[in-house]
Amino acid sequence: MTNCDVNDRKVAVIGCGFVGAASAFALMQSGLFSEMVLLDSDKNKAEGEAMDISHGEAYARPMKIYAGTYDDITDAAIIIITAGANQKPGETRLDLVQKNVGIFKQIIPEITKRNYKGILLVVANPVDILTYTALKLSGLPESRVIGSGTVLDTARLREILGNRLGVDSRSVHAFIVGEHGDSEIAVWSTANVAGVPIHKFCSLRGVHNHDEHMRKIAEEVKQSAYEIITRKKATYYGIAMAVKRICEAIVRDEKSVLPVSNLMHGAYGISDITLSMPAVVGKNGVELQMPISLDGHEALALKSSADMLKKIAKDAGVED
């Protein structure tokens, strides 16, 4: 970033629950930043996490880590918002809408009234609707208000595919798009392994009945969070790694293509809602939406996902 009001080496995390603390820990180890501020409605919690994480500095890179206030984060390059109610066993991410929109109506004005010039990275769920909420409440340029979207879901898809097909997951190129939640869509039509279409690679590996396998894998990805929550009450390590990955793309100006939550402007017949769709991410946030190809079924499913999110956002009073 070139703005003199922004410290490129500073990050802030609002919300020190499981996801916020895990994200802060991952960022401390990453070496991306030299200063990190933690905020929480429970100041003791923020102070405790800052102390605990900072005690590992001797084995990492030098970093100033402390609990602070909104006045301490005005020059952060990225403000990561994880604050919100947690998803409980039996709940969907969308069940959290009313509570977390209300929390964002308290948080976002505190940021924007301080003339914030950096990037807002929304992680709290339901992330697509809360990214839209943050965008509407803040009045910031849409490129600088992004959500973690389906970056984690996409990682889950690649990891599962890599394991099933006996190939490094980093060589698997496939996206989950739409809602980060139950209406998400696995884009099989363009999925590939090092340029080889996924169906062809499956055949090379002796995996047949492609459609049935793909359906099961997409469902496994969709159910991953529920399975983890059933077993350990919360998910946080995977999303922490996704947060780190997005921050890498921004801080290093990587121009990476990541499926982050970003505002739609008519593509696939969708507008005025944030969806998790591939975009080029760099130092200025979202720089370009990627016009990925979808087959007819995928496009219809995406439109249905978007329509549902728009209705829920309206019912939640996002723009009130």
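See the structure above.
Notes on the structure in this doc start here. For clarity, every value in this text was computed on a predicted model and none was experimentally measured.

Brief notes about the pairing of strand β2 (residues 35–39)
For β2, a buried count of five out of five residues is recorded, marking the element as mostly surrounded by other parts of the structure. The side-chain alternation of β2 yields two buried faces, one formed by E35, V37 and L39 and the other by M36 and L38. Of the pairings in the sheet, the one linking strand β1 (residues 7–14) to β2 comprises five bridges and is parallel in character. Following the sheet pairing, V13 is matched in β2 by L38. A crossover connection joins β1 to the parallel β2 through helix α1 (residues 18–30); in handedness this β-α-β unit is right-handed. Pairing analysis gives four bridges linking β2 to strand β3 (residues 64–67), with the strands arranged parallel. Among the inter-strand pairings, M36 is bridged to a residue of β3, identified as I65. You can see the chain leave β2, run along helix α2 (residues 43–54) and come back into β3, and the turn it takes is right-handed.

Regarding the sheet that holds strand β7 (residues 172–173)
If you walk across this open sheet you meet the three strands as β7-β10-β11, and the pairing is antiparallel. Sheet topology places β7 and β11 (196–197) at the edges, where each strand pairs with a single neighbour. Relative to β11, strand β10 (residues 192–193) is paired through two bridges, and the arrangement is antiparallel. Residue pairing for β11: N192 is matched across the bridge by P197.

Brief notes about the packing of aromatic side chains
Tallied over the entire structure, the rule returns two aromatic pairs. Both rings, one in F18 and one in Y236, keep their centres 4.8 Å apart while their planes meet at 15°; by these two values the pair is stacked. Of this pair, F18 sits in helix α1 while Y236 is found in the loop between α7 (210–232) and α8 (237–251), placing the two residues 218 residues apart along the sequence. A residue is classified by how much of its surface remains accessible, and F18, at 48% relative accessible area, is partly exposed.

Some details on the pattern of salt bridges
Throughout the structure, instances matching the rule amount to 21 salt bridges. Across the pair K113 and E110 runs a salt bridge, and its minimum N-O distance is 3.4 Å. Assessed through its relative accessible area of 58%, K113 is described here as exposed. Here R252 and E248 are joined by a salt bridge, their closest N and O atoms 3.9 Å apart. You can call R252 partly exposed: its relative accessible area is 47%. Among the charged side chains, a network of salt bridges with common partners joins K244, R245, E248, R252 and E254.

Looking at the packing of helix α3 (residues 97–112) against helix α4 (residues 127–138)
To describe two helices that pack against each other, one gives the angle between their axes and the distance between the axes. Contact geometry of α3 with α4 gives a least axis separation of 9 Å together with a crossing angle of 35°. In this structure, the crossing between α3 and α4 has a hand that is right-handed. Each of V97, N100, V101, F104, K105, I108 and T112 in α3 lies in contact with α4, whose residues at this interface are I129, L130, T133, A134, L137 and S138. For the contact of α3 with α4, the per-class residue count stands at eight nonpolar, four polar and one charged.

Side note on the nonpolar core
I14, I73, I79, I81, I111, L120 and L275 are the most contacted members of the largest nonpolar core, which totals 47 residues. The residues contacting I79, other than those within four sequence positions of it, are A12, I14, I73, I111, Y116, I119, L120 and L121. Formed by 37 residues, the second largest nonpolar core is a distinct cluster that contains C16, A46, A77 and V286.

Conventions we followed
Residues numbered from 1 in each chain as written. Predicted model: local features only at pLDDT ≥ 70, side-chain atom pairs only at ≥ 80, totals over all residues. Heavy atoms only, no water. Buried < 20%, exposed > 50% of the residue type's maximum accessible area, 1.4 Å probe, protein only. Helix = DSSP H or I, 4+ residues; strand = E, 2+ residues; numbered from the N terminus. Pairing = 2+ DSSP bridges. Right-handed = clockwise from strand over helix to strand, strands pointing away. Phe/Tyr/Trp six-rings, centres within 6.5 Å; stacked < 30°, edge-to-face > 60°. Salt bridge = Lys/Arg side-chain N within 4 Å of Asp/Glu carboxyl O. Axes fitted to C-alpha atoms, helices over the stretch in contact; angles between N-to-C directions. Left-handed = near helix turned anticlockwise from the far one by under 90°. Contact = heavy atoms within 4.5 Å. Nonpolar A, V, L, I, M, F, W, Y, C, P; charged D, E, K, R; others polar. Core = buried A, V, L, I, M, F, W, Y, C linked by side-chain atoms within 4.5 Å.

Nothing here speaks to function; it is geometry throughout.
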